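# Summary of the model geometry
Single-letter residue listing:
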Amino acid sequence: MSSVIVSLNNTGKQYQHTRVLHNIDLQLQAGEVLGLFGHNGAGKTTLMKIILGVIKASEGQAKVFGVDPLSKQAWQGRRQIGYLPENVSFYDQLTGKQVLTYFARLKAVEVASVGELLDKVGLRQAMDRPVKTYSKGMRQRLGLAQAFLGDPKLLLLDEPTVGLDPTATQEFYQSVDQLKGDGASIILCSHVLPGVEQHIDRAMILSGGRSLAMGTLAQLRRDANLPVSIRTQGLNGALQANANLSQLLVAQGHLQVSEQDKLAVVKQLLDYPELRDLQLEPADLGRLYQHYLGTAAGNTAKSAGGLNGGHNDGQSANIQSQAEVKPQ
Amino acid sequence: MSPVLAVAIKEFQDGLRNRWLVSITAIFAILSIGLSYYGSAASGELGLVSLSSTIASLSSLAVFLIPLIALLLSYDSFVGEQESGTLLLLLTYPLSHTQLLLGKFLGQGAIITLATILGFGCSALLLTGQAELGRLLPAFGLFILTATLLGLCFTSIAYVISLSVNEKSKAAGIALVVWFFFVLVFDLALLAALVGIKEGLDQQSLVQVMMFNPADLFRLINLAALDTKDVNGVLAVAINSSWSAASLLLIMFAWVLAPLAIASLIFKRKTL
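Residues numbered from 1 in each chain as written. Chains lettered and ligands numbered in written order. Predicted model: local features only at pLDDT ≥ 70, side-chain atom pairs only at ≥ 80, totals over all residues. Heavy atoms only, no water.

Moving on, we come to the interface of chain B and chain A. With 24 residues of chain B at the interface, the matching set in chain A holds 24 residues. In this assembly, chain B packs against chain A so that about 2,300 Å² is buried in total across both faces, 65% of it on carbon and sulfur atoms. Looking at the side of chain B facing chain A, the largest losses of area belong to Leu89, Tyr93 and Pro94 of chain B, adding up to 28% of the total buried there. On inspection of chain B and its partner chain A, the count reaches 0 salt bridges. Counting the contacts that link chain B with chain A gives 5 residue pairs in polar contact (both at pLDDT 80 or more). If you list the elements that add at least two residues to the side of chain B that touches chain A, you get α1 (3-17), α4 (79-84) and α5 (86-91) of chain B. With 7 residues, α1 of chain B is the largest single contributor of residues to the side of chain B that touches chain A. Its residues assigned to classes, the side of chain B that touches chain A comprises 13 nonpolar, 7 polar and 4 charged. (Contact = heavy atoms within 4.5 Å. Buried area = accessible area lost by both parts, 1.4 Å probe. Salt bridge = Lys/Arg side-chain N within 4 Å of Asp/Glu carboxyl O. Polar contact = N/O pair within 3.5 Å; in protein donor to acceptor, adjacent residues only side chain to side chain. Helix = DSSP H or I, 4+ residues; strand = E, 2+ residues; numbered from the N terminus. Nonpolar A, V, L, I, M, F, W, Y, C, P; charged D, E, K, R; others polar.)

Applying the stated criterion across every chain yields a total of 14 salt bridges over all chains. Salt-bridge contacts for Asp119 of chain A lead to Arg124 of chain A; the nearest nitrogen and oxygen are separated by 3.2 Å. Residue Arg124 of chain A is classed as partly exposed on the basis of its relative accessible area, which comes to 36%. Between Asp14 of chain B and Arg17 of chain B there is a salt bridge, with its nearest N and O atoms 2.8 Å apart. Of this pair, Asp14 of chain B and Arg17 of chain B both sit in helix α1, 3 residues apart, which is roughly one turn of the helix. Since its relative accessible area comes to 8%, Asp14 of chain B is described here as buried. (Buried < 20%, exposed > 50% of the residue type's maximum accessible area, 1.4 Å probe, protein only.)

Bringing the sheet that holds strand β12 (residues 254-257) of chain A into the picture now. Residues and elements named next belong to chain A. Taken in spatial order, the 4 strands make up an open sheet running β11-β12-β10-β13, and their pairing is antiparallel. The sheet is open, and its two edges are formed by β11 (249-251) and β13 (277-281), each paired on a single side. Adjacent strand axes in the sheet meet at a mean angle of 30°, parallel and antiparallel pairs treated alike. Inspection of the sheet shows strand β10 (residues 228-233) paired to β12 by 4 bridges, in the antiparallel sense. Bridge pairing links Ile230 to Leu255 in β12. Along the sheet, helix α10 (residues 262-270) contacts β10, β12 and β13; its crossing angle with β10, the most-contacted strand, is approximately 5°. (Pairing = 2+ DSSP bridges. Axes fitted to C-alpha atoms, helices over the stretch in contact; angles between N-to-C directions.)

Residues and elements named next belong to chain B. Sites flagged by UniProt as "transmembrane region" (unreviewed entry) map to residues 20-39, 51-73, 108-127, 139-161, 173-194 and 245-267. Each end of residues 173-194 is marked by a C-alpha atom, and these two atoms are 30 Å apart; helix forms 100% of the span and strand 0%. The span residues 245-267 is 100% helical and 0% strand by assignment, and the distance between its end C-alpha atoms comes to 33 Å. (UniProt positions renumbered as here; feature names shortened; annotations may be inferred.)

Let us now look at the sheet that holds strand β1 (residues 4-14) of chain A. Residues and elements named next belong to chain A. The 3 strands lie next to each other as β2-β1-β4, forming an open sheet whose pairing is antiparallel. Each edge of the open sheet carries a strand with a single partner, namely β2 (19-29) and β4 (59-64). In this sheet, adjacent strand axes meet at a mean angle of 15° when their direction is disregarded. The pairing of β1 with β4 spans 5 bridges and is antiparallel.

Moving on: the packing of helix α2 (residues 20-38) of chain B against helix α6 (residues 97-127) of chain B. Residue and element names in this part refer to chain B. The interhelical angle for the contact between α2 and α6, taken along N-to-C directions, is 25°, at an axis separation of 8 Å. When the axis of α2 is compared with that of α6, the two are roughly parallel. Regarding α2 and α6, the two cross each other, and that crossing is right-handed. Contact with α2, carried on its side by Trp20, Leu21, Ile24, Thr25, Phe28, Ala29, Leu31, Ser32, Ile33, Ser36 and Tyr37, involves Ile111, Leu114, Ala115, Thr116, Leu118, Gly119, Phe120, Cys122, Ser123, Leu126 and Leu127 of α6 and no other residues of that element. Partitioned by chemical class, the residues of the contact of α2 with α6 number 16 nonpolar, 6 polar and no charged. (Parallel < 35°, antiparallel > 145°, perpendicular 65-115°, else oblique. Left-handed = near helix turned anticlockwise from the far one by under 90°.)

Next up on the list: a nonpolar patch on the surface. All names here are of chain B. Taken together, the side chains of Phe64, Phe180, Phe181, Leu184, Val185 and Leu188 define a hydrophobic patch exposed on the protein surface, amounting to about 500 Å² of accessible area. Structurally, Phe64 can be placed in helix α3 (residues 51-74). Of the residues examined, Phe64 reaches a relative accessible area of 31% and is grouped as partly exposed. (Patch = residues over 30% accessible without salt bridge, like charges linked within 9 Å, V, L, I, M, F, W, Y side chains within 5 Å. Areas by Shrake-Rupley, 256 points an atom, 1.4 Å probe, with all protein chains shown as cover.)

All names here are of chain A. You will see that Asn23, though not glycine, has its phi angle at about 35°, which is positive. Following the sequence through the fold, Asn23 ends up in strand β2. Its identity is not glycine, yet Glu159 carries a phi of approximately 50°, on the positive side. Along the polypeptide, Glu159 turns up in the loop between β6 (154-158) and α6 (166-181).

Of all 11 residues making up helix α3 (residues 96-106) of chain A, 8 are buried, and the element is well covered by its neighbours. Turning to α3 of chain A, its buried residues are Gly96, Val99, Leu100, Thr101, Tyr102, Phe103, Ala104 and Leu106 of chain A. Those residues of α3 of chain A that are buried lie in contact with α4 (113-120) and α5 (136-147) of chain A together with α1 and α5 of chain B. Positioned one or two residues after α3 of chain A, Ala108 of chain A has a phi angle of 55°, which is positive.

Okay, the packing of aromatic side chains next. Within the structure shown, the criterion is met by 17 aromatic pairs over all chains. Ring geometry for Tyr91 of chain A and Tyr102 of chain A: centres 5.8 Å apart, planes at 65°, overall edge-to-face. Linking Tyr91 of chain A in the loop between β5 (81-84) and α3 with Tyr102 of chain A in helix α3, this pair joins segments that are 11 residues apart in sequence. Since its relative accessible area comes to 8%, Tyr91 of chain A is described here as buried. Taken together, a centroid distance of 4.9 Å and an interplanar angle of 85° make the contact between Phe120 of chain B and Phe143 of chain B edge-to-face. Of this pair, Phe120 of chain B sits in helix α6 while Phe143 of chain B sits in helix α7 (residues 133-164), and the two are 23 residues apart along the sequence. (Phe/Tyr/Trp six-rings, centres within 6.5 Å; stacked < 30°, edge-to-face > 60°.)

A few words on the confidence of the model for chain A. Residue and element names in this part refer to chain A. Summing up the model confidence of chain A, the mean pLDDT is 82 and the portion of residues at 70 or higher is 89%. Averaged over each element, pLDDT in chain A is lowest for helix α12 (residues 319-323) (36) and highest for α3 (94). Here residues 299-328 scores under 50 on pLDDT; set against residues more than four positions off or in separate chains, the count is 52 contacts. (pLDDT = per-residue confidence, 0-100.)

Before going further, it helps to spend a moment on the confidence of the model for chain B. With 88% of its residues at a pLDDT of 70 or more, chain B shows a mean pLDDT of 87. When the elements of chain B are averaged for pLDDT, helix α11 (residues 234-239) of chain B gives the smallest value, 62, and α1 of chain B the largest, 95.

Attention now moves to the environment of Ala218 of chain A. Residues and elements named next belong to chain A. With respect to the helices and strands, the residue Ala218 is situated in helix α7 (residues 217-224). Judged by relative accessible area, Ala218 falls into the buried class, the value being 18%. Measuring from C-alpha to C-alpha, the distance between Ala218 and Asp201 comes to 9.8 Å, with 17 residues separating the pair along the chain.

Have a look at this one:
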């Protein structure tokens, strides 16, 4: 099925004196996961509000499920949309179950599904406690359960993993993959980048209300032409001795190679019998993000590190994980 | 379940959970029982007071309390949800602005209505021993009806306030000013105009000016139905007007609907 769920055509938004969104084009297919990245104030939330039909685009067109999200026809479509706002704090004095029951009624979803959803997000134990006793992560999970109500066909999640512990984050991404498998389109809005790569099909990088880059990670990587990091072990003096390889050396046993030369260099390295280990690290999302922001700002930030030290925290992707982010 | 009903039920349950219903009912009950039983203590006797003086003193106290309670109950209805982020979320649901507004009005209106009926109904029961039913029922019926309308009117006004501002504390401040204006300033200004300007206001135009204040309407309707000997002040002048109780009630009803319509308009234009 390749139907277009969300279609933005040259969409822009202007509040009284400030333009917060410029000429955004976006086609989101059924079953596609889009990562929307940008700093605070980049226009992510505004873009989401336009798609949700909460605010009207000042120029251009927005269509969700084929209709204008603010029109009367879009009304029934809203039942198929799940939204997790950023920083939402639910009715504190209500229990988790009461909160979710309220939202289920408003969405005309069977109240019986509330228990299931609470199970799914791991709040079954806490469902009869008032929300005010919940931790940040539990509130976030309640918000997710709310967004998952009624098997949505379109999900917009604003900073979904904020406050979640690693296990809950893992479970959250599993739910995302599962919903995607069921044909739901998902827009993941984030500035926390590590870990999200394997779960998105395409990425859009927003800054100052403009779309700086848009495409699959492989496309973005190709366009950015960022070097691949190769770390070797056991080759102490040999790399410096090789005239070819020593040019690429940035640190002891650490090479930076362009995408085209990658295979040739790896082959060359494998010829050394003393090579004990080899780690190949393609430019990750954090570096891509910095690269595009840097290009936009007019300075090529090629050597910029990952956002929030993103690519340093255990993100030593090996050859295997690179294969997972092929274009669709 | 219709979304209006879902919102109404939630708001009503909130009112129960926060003890709003219990406290308002208790306040009204204590107030009305106290006034009907001890109202004559000032004149040296203890015991049930005459029906008309009970209603008269009840109205003059209720006119302060009911608007305050209604404003307190509802001033943060929208701005509170806006601050916590749930308002934005609700607007992405298949729920129109008007439906949300109506749902809240039904739920919180039910709290006010129920509290008024139960609270003031108490003293009506107490008075059954003394006054004859034929006089008691219409007088208290009218009182409870107008008290409810007064409460609903200020609930609607609270929504206008709640939707016009973006901060809860600001809404609270404005609510207080609005209460002060309708309950005190308006009458003082009217009195000043009456005394100060010799040919300024005749009785007819006085009543017309009072139409602009739901609190005055409330007193006017209740006191006009009583023996005038228990009434004094500006109202005594106004009471003998030619307006029928039914038309006054109709204007009060309009005072409930008009702010609600304004709130709905503001809500539709509000950007979140």
